[in-house]
Amino acid sequence: VLNVLEPPAALSREANRRGRDALMAYWGYSFEEACTGGLYDAPIDCLDAFCAVVRTGVGRHRLIMGGEVDCWDGEREGLGGYVELKTTRVMDNQAQVARFERDKLLKWWAQSFPIGVRRCVYFYFVFVWAIGVLTSCFVVNRVSKRRWSR
């Protein structure tokens, strides 16, 4: 069992979220709870996490990496069954799409791919939590060398 403790600064930052930041974080945690069968009769615990530790390498260098994983699909064996759950707002124009692809997808890829997560489920919401579109893709399909090699 791997017990991950958040540093005090992260706990303080989490406890002091206000306004839109707090609402958007709550939406993300709620989406994870809904997808993983969480119970709605208890407060959402944003510090409850499942972590994967993997052995990998770059060239001759060996690495042991760990990261938080949202869930397992229950079908695939090993790393292939890990799934990352993400929320983002529906984009209204091409500039928002470009920023999303340049910044957010790169960050999500860097968080997911190195530890073996190969699939992300995205919930695109429209300002109101209950309205949105659910979509799934494989993480490797989101890599675009053309956009990220600048």
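Basis of the calculations
- Residues numbered from 1 in each chain as written.
- Predicted model: local features only at pLDDT ≥ 70, side-chain atom pairs only at ≥ 80, totals over all residues.
- Heavy atoms only, no water.
- Helix = DSSP H or I, 4+ residues; strand = E, 2+ residues; numbered from the N terminus.
- Buried < 20%, exposed > 50% of the residue type's maximum accessible area, 1.4 Å probe, protein only.
- Areas by Shrake-Rupley, 256 points an atom, 1.4 Å probe, with all protein chains shown as cover.
- Phe/Tyr/Trp six-rings, centres within 6.5 Å; stacked < 30°, edge-to-face > 60°.
- Lys NZ or Arg CZ within 6 Å of the ring centre and 35° of its normal.

A. A look at the overall build of the protein chain. Counting its regular elements, the protein chain contains four helices and six strands. The secondary structure elements of the protein chain, listed N-terminal to C-terminal, are α-α-β-β-β-β-α-β-β-α. Taken across its 150 residues, the protein chain has 26% of its residues classed as buried. A total accessible area of about 10,500 Å² is found for the protein chain, and carbon and sulfur atoms account for 56% of it.

B. Focus on the packing of aromatic side chains. For the coordinates displayed, the defined rule picks out six aromatic pairs. With a centroid separation of 6.1 Å and 40° between ring planes, the pair formed by Tyr122 and Tyr124 is classed as tilted. Across this residue pair, the class does not change: Tyr122 and Tyr124 are buried. A network of ring pairs unites the aromatic residues Phe100, Trp108, Tyr122 and Tyr124 as a single cluster. When the ring centre of Phe113 is taken as reference, the NZ or CZ atom of Arg118 above it lies at 4.0 Å.

These figures capture arrangement, not role.
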